[in-house]
Amino acid sequence: MNKNTADQAFVRETNLSLALRLIHTQSPISRAQLAGITGLNKSTVSSLVDELLERNLVHETGSNTGGAGRPATLVEMNPQAGCIIGVELGVDFVSVAVTDFLGNIIWRRREDADPTEDQEKMINQTLRIVKEAMAVGKKKNYHFLGLGLATPGTVDVDQGVLIFAPNLHWRNVPFVTIFSEQTKLKVFVENDANAAAIAEHLFGTARHSQDFLFVFAGVGIGGGLFLNGKLYRGRNGYAGEIGHSPIMAEPSQTVCHCGNRGCWETYANQYSIIQRVQARLEVKRSSIIPRLMVEQNTPLSIPLIKQAADAGDQEAIDSFTEAGHAMGQGFAGLINIFNPEKIILGGPLSIAGEYLLPAIKETVTRHSLPEIIQQAEVLLSPFGPDASLIGAIAIVVDDVLSHPISIERR
Ligand SMILES: [Zn+2]
């Protein structure tokens, strides 16, 4: 290919991606509206839309009959463009889902995993569920667009390698190689909070936001920083490890999984809530939690504490409130630094969002500069505990939106 042809191919792909992203955010939309927004001429836009139709990524839908002039045919995303497999590697669970191109879940499975088990065992458990998911897709004759994997820890996205996950004690795991060899699919790996931020931008509450932060709260606390319209990765791609900010003035006795003391997440993660409840129960406060544990024959867990809070148990509610205040300190710092439009809480702990959020907001109001907090909305992810699972799906969709020519014409 000579340079001129290569340039033309590049411009064509850039324009195709631009048109597809606009259809994704604005759908349904007419060719004339696309031309108006992009500044491209109408015949170019028509040829771009034709190609997206040939690649089955969009389809035509009704007409825009409002206003003067001839009604225009509208185009929208085609949910049947293909299916996607998403994998969320939690610290103590594995979740796998199959979705359509718009992130609608067709099939899903979640299994507990034991973080003390060896790495190979947890990966094999994940591969077994992925193969089940693929069988579901094949049976329904879906075209697979790819597999996305969201993991805690620092990730080298280009190499497809998990560099270090303190909560799993895993280092240098070549996820893309492992999963593409086993599935023959196009595989992507991303940090769980980053993936969730991409999901918020593509499918969630931040579809039209250019500056927002996603806070993943579970065993660890991670951040996805979406700034100036794209994910901010930092010098080496590891930006957003907000849970390990030494945020408290007085480091507590709790040692973080990273080996340090005083990390923000040790005050606000799920273990901290369990510890708060245990401390309250040790001083024999009246609570229904011990009875619930006996009745359900389970150890103390976030869902159980949430259940007690729902029944009005003050110890459960107060433990969430305390943790919410600790979370709020971190949120306030982030808001002061980044001046975001939104800061979104998701991940396993967000099941208790109704108890955490009022305390988070109270602390944020106290510690963020008034001019900044007035502009920032603190809210829960619509995907709640599935934020990173949908994130795993979103990283595949995002690649298709960037490289529509990678999808065959049919
Ligand atoms: Zn730490």
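Residues numbered from 1 in each chain as written. Predicted model: local features only at pLDDT ≥ 70, side-chain atom pairs only at ≥ 80, totals over all residues.

**Some words on the sheet that holds strand 1 (residues 29–30)**
Convention followed: DSSP calls a pair of strands paired once it identifies at least 2 bridges connecting them. Strands here are runs of E lasting at least two residues and helices are runs of H or I lasting at least four, both read from the DSSP assignment and numbered beginning at the N terminus. Any residue pair is listed as a contact if its two C-beta atoms, each placed from the backbone, are within 7 Å. For every element, the axis is a line fit to its C-alpha atoms; helices are fit only across the contacting stretch, and the angle between N-to-C directions ranges from 0 to 180 degrees.
Across the sheet, which stays open at both edges, the 3 strands sit in the order 1-3-2 with antiparallel pairing between neighbours. If you trace the sheet from one side to the other, it starts and ends with strand 1 and strand 2 (58–64), each paired once. For strand 1 and strand 3 (residues 72–77), the ladder comprises 2 bridges, and the chain directions are antiparallel. For Ser 30, the partnering residue across the bridge sits in strand 3 and is Leu 74. In this fold helix 1 (residues 3–26) packs onto strand 1, strand 2 and strand 3, with an angle of close to 90° to the strand it touches most, strand 3.

**Structural notes on the nonpolar core**
Short version of the rule: Put simply, a nonpolar core is buried Ala, Val, Leu, Ile, Met, Phe, Trp, Tyr and Cys residues tied into one set by C-beta atoms within 7 Å. Put plainly, a residue is buried at 20 or more neighbouring C-beta atoms within 10 Å of its own, exposed at 12 or fewer, and partly exposed in between, counting only other residues' C-beta atoms, which are placed from the backbone.
Within the largest apolar cluster, 109 residues are counted, with the highest numbers of intra-cluster contacts made by Leu 149, Ala 199, Val 215, Phe 331, Ile 343 and Ala 394. A total of 11 residues in this core trace back to one element, the largest contributor, which is helix 14 (residues 387–402). When residues no more than four places from it in sequence are discounted, the contact partners of Leu 149 are Val 87, Leu 89, Phe 175, Phe 179, Val 187, Val 189 and Ala 392.

**Re the packing of helix 1 against helix 2 (residues 31–38)**
Short version of the rule: Crossing chirality is assigned from the near helix's rotation relative to the far helix, an anticlockwise turn below a right angle marking it left-handed and a clockwise turn marking it right-handed. Following the grouping adopted for this structure description, the nonpolar residues are Ala, Val, Leu, Ile, Met, Phe, Trp, Tyr, Cys and Pro, the charged ones are Asp, Glu, Lys and Arg, and the polar ones are all others, Gly among them.
In contact at an axis separation of 11 Å, helix 1 and helix 2 are set at 115° when each is read in the N-to-C sense. Considering how the two elements wind past one another, helix 1 and helix 2 form a crossing that is right-handed. Residues Leu 18, Ala 19 and Leu 22 of helix 1 touch helix 2, and the partners they reach there are Leu 34, Ile 37 and Thr 38. Class assignment for the residues of the contact of helix 1 with helix 2 results in 5 nonpolar, 1 polar and no charged.

The analysis is restricted to geometry; functional conclusions fall outside its scope.
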